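A look at the structure
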Amino acid sequence: MNSDSDTKHSRYQLIWQVVRGIPFGQVASYGQVARAAGLARQARLVGYALHHLPAHSDVPWHRVVNAKGKLSFPPHSEQYALQQDLLRAEGIVFIQQTIDLKQFGWQIPSHLDTALF
DNA sequence: AACGTGACAAGGC
DNA sequence: AGCCTTGCCACGT
């Protein structure tokens, strides 16, 4: 248990915690979540963390979409349909399979947004 | 232990 | 407006 200890295991926890903070009816991009978790430029890690999410968790994984406002699943997959259903149930509207981030995108509190550059 | 892959993103052409 | 390249990090072969 040293300073370098928490590097390995806690990153996912950190990411999941941020995702829990996304409000009902809003969405955040992978990159946005990464920044809020203090992991700028590591959007891929967010996708990985969600992929490794245990079933029955209370993490609203469906509120994370890509930077274009689209779902990162194959358009005809069941995963796509599920995520879309969950989002629509929160009032989010899809136009041409795209979510208007201006309208539904989560505005991260500035104190969480670590520009890091 | 090197290599490729992945629920991504930003910049260049 | 698409397609390619590079950055980034964890994981399975």
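Residue numbers restart at each chain and count upward from 1, following the sequence in its written direction. Labels are handed out in written order, letters beginning with A for the chains and numbers beginning with 1 for the ligands. Where local features are concerned, this predicted model is filtered to residues with pLDDT of at least 70; where side-chain atom pairs are given and counted, the filter is 80 or more; whole-chain, interface and lining totals use all residues. By convention in this description, side-chain values take in all heavy atoms of the structure and omit both hydrogens and water.

1. Points about the overall build of chain A
Only runs of H or I of at least four residues qualify as helices and only runs of E of at least two qualify as strands under DSSP, and these elements are numbered from the N terminus. Across its full length, chain A carries five helices and four strands. Contacts are assigned to residue pairs that have any heavy atoms within 4.5 Å of one another. Residue pairs in contact within chain A that sit at least 24 positions apart in sequence constitute 65% of those at least 6 positions apart.

2. Digging into the protein's contact with DNA strand B
Any residue with at least one heavy atom within 4 Å of a molecule or strand is counted as near it. Around DNA strand B sit 14 residues in total, of which Arg44, His51, Trp61, Asn66 and Ala67 are the nearest. What you see for DNA strand B is that sugar and phosphate hold 39% of its atoms within 4 Å of the protein. In the analysis that follows, any N or O atom pair within 3.5 Å is treated as a polar contact, provided that within protein one partner can donate a hydrogen and the other can accept it, and provided that, for residues neighboring in sequence, both atoms belong to side chains. Here Arg44 contributes a side-chain N or O atom positioned 2.4 Å from a base nitrogen of DNA strand B. Per-element accounting of the surface near DNA strand B gives the leading share, six residues, to helix α3 (residues 43–51).

3. Some thoughts on the environment of Ala37
Note on placement: Ala37 falls in the loop between α2 (30–36) and α3. Judged by its relative accessible area of 10%, Ala37 falls in the buried class. In sequence terms Ala37 and Leu71 are 34 residues apart; their C-alpha atoms lie 21 Å from each other. Leaving out residues up to four positions away in the same chain, Ala37 has contacts with Leu14 and Val18. Buried residues are those whose accessible area, probed at 1.4 Å on protein chains only, stays under 20% of the maximum for their type, while exposed residues exceed 50% and partly exposed ones sit between those limits.

4. A short note on the protein's contact with DNA strand C
DNA strand C sits among Arg11, Tyr12, Arg41, Gln42, Arg44, Leu45 and Tyr48. Backbone sugar and phosphate groups make up 69% of those atoms of DNA strand C lying within 4 Å of the protein. Arg11 is positioned such that a nitrogen or oxygen atom in its side chain is 2.8 Å from a phosphate oxygen of DNA strand C. In the environment of DNA strand C, a sugar or linking oxygen lies 3.0 Å from a nitrogen or oxygen atom belonging to the side chain of Tyr12.

5. Quick word on the pattern of salt bridges
By definition here, a salt bridge exists when the distance from a side-chain nitrogen of Lys or Arg to a carboxyl oxygen of Asp or Glu is within 4 Å. A complete count under the given rule lists two salt bridges for this structure. Of the charged contacts, one joins Arg20 and Asp58 as a salt bridge, the two residues approaching to 3.0 Å between their closest N and O atoms. Of this pair, Arg20 sits in helix α1 (residues 6–20) while Asp58 sits in the loop between α3 and β2 (64–65), and the two are 38 residues apart along the sequence. Asp58 gets classed as exposed once you look at its relative accessible area, which sits at 57%. A salt bridge links Glu90 to Arg63; its shortest N-O distance comes to 3.0 Å. A residue pair is termed long-range when its members are at least 10 positions apart, and Glu90 in the loop between α4 (78–88) and β3 (94–95) and Arg63 in the loop between α3 and β2 qualify at 27 residues.

All quantities given are derived from atomic positions and should not be read as evidence of function.
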